[in-house]
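Residue strings, one per chain:
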Amino acid sequence: MSGNLILVNSRHPLPEGLDVPPDLSVTDGAALRSEAAEALKAVLEHIGAGDRIALVSGWRSREEQEEIYAQSLRDSGPEFTAKYVALPGCSEHQTGLAVDLGLREGEIDFIRPRFPYSGICQSFRLAAPKFGFVERYPAGKEHITGIAHEPWHFRYVGLPHSLIMTESGLTLEEYLGEGSGEA
Ligand SMILES: [Zn+2]
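Reference entry: report on the structure contained in this document.

The rules behind the values
- The residue numbering used here restarts from 1 in each chain and proceeds along that chain's sequence as written.
- Local features in a predicted model are, by the rule used here, given only for residues with pLDDT of at least 70; side-chain atom pairs are given and counted only at 80 or more, and totals for whole chains, interfaces and linings are based on all residues.
- Starting at the N terminus, helices and strands are each numbered in turn, a helix being any DSSP run of H or I of at least four residues and a strand any DSSP run of E of at least two.
- In this description the radius of gyration comes from C-alpha coordinates, and the expected globular size is given by 2.2 Å times residues to the power 0.38.
- Working definition of burial: number of other C-beta atoms within 10 Å of the residue's own, with buried at 20 or more, exposed at 12 or fewer, and partly exposed in between, all C-beta atoms being placed from the backbone.
- Whether two residues are in contact depends on their C-beta atoms, placed from the backbone: they are in contact if these lie within 7 Å.
- How far a helix is expected to stretch is found by multiplying one less than its residue total by 1.5 Å.
- Note that the arc is computed from the directions linking the helix axis to the C-beta atoms.
- Whether two strands pair depends on DSSP finding at least two bridges between them.
- The axes are straight lines fitted to the C-alpha atoms, using for helices just the contacting stretch, and the angles between their N-to-C directions are given from 0 to 180°.

When its secondary structure is counted, the protein shows six helices and six strands. For the protein, the succession of helices and strands along the chain, N to C, is β-β-α-β-α-β-α-β-α-β-α-α. Taking 2.2 N^0.38 as the reference for a compact globule, 183 residues should give roughly 16 Å; the C-alpha atoms of the protein span a radius of gyration of 15 Å, in line with that estimate. Summarising its shape, the C-alpha atoms of the protein cover approximately 40 × 40 × 35 Å along the three principal directions.

To continue, consider the environment of His-93. Inspection of the secondary structure assignment puts His-93 in the loop between α2 (62–84) and β4 (98–103). His-93 gets classed as buried once you count the C-beta atoms within 10 Å, which come to 25. In contact with His-93, other than residues within four places in its own chain, are Ser-57, Trp-59, Arg-60, Gln-65 and Ala-98.

This brings us to helix α1 (residues 34–46). Taking 1.5 Å of rise per residue, 13 residues should cover 18 Å, and α1 covers 18 Å from first to last C-alpha, within 8% of that figure. What α1 keeps buried is the set Ala-36, Ala-37, Ala-39, Leu-40, Val-43 and Leu-44. Along α1, the residues classed as buried sweep out an arc of 165 degrees about the axis, all on the same side. Count one or two residues on from α1 and you reach Gly-48, which has phi positive near 65 degrees.

Further remarks concern the sheet that holds strand β5 (residues 133–137). Strand pairing in a sheet relies on backbone hydrogen bonds. The paired strands run either parallel or antiparallel. Taken in spatial order, the four strands of this open sheet run β3-β4-β6-β5, and their pairing is antiparallel. Each edge of the sheet is formed by a strand with only one pairing partner; in this case those strands are β3 (53–57) and β5. On average, each strand axis in the sheet is inclined to that of its neighbour by 45 degrees, with strand direction left out of account. With four bridges connecting them, β3 and β4 associate as antiparallel partners. Paired with Ala-54 across the strands is Gly-102, a residue of β4.

Structure, rendered in structure tokens:
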């Protein structure tokens, strides 16, 4: 149940009892489950990222997700929030297997960090599946994931799943046979 393929989205809230992963490991200010943290470190080392990629957000407690959601509603309104911020209880960040990454340049936007399809960020994106990560919310799959295109959000699913999903262009919902998401 707490395996690397756990699906958390608007139709699949995080199950009771998994609110705090047992093996959180803090790296550069972001907490991830230890296997994911190790894998992330390995990708960053592999591409020679140095300090060019910032870990913007990793594990979040339900309370943190509630705060982020409420603040986004206040600052950016319901339309923006529905696109980019998962409902409390339904955020993948609560699993400790998801991380938002940002190109370290000037001020980093916490909700939508810049992570372009070029340079060191693209190097990360291309190498990530070899280490168990997938780009979780690609363009064109919004109707399946229920989340807008998020170039900065990566999810640890482990090997060989990350390679299969990337090669076949499947989101986690499709890979698990969950079909289409929110109507
Ligand atoms: Zn995220």
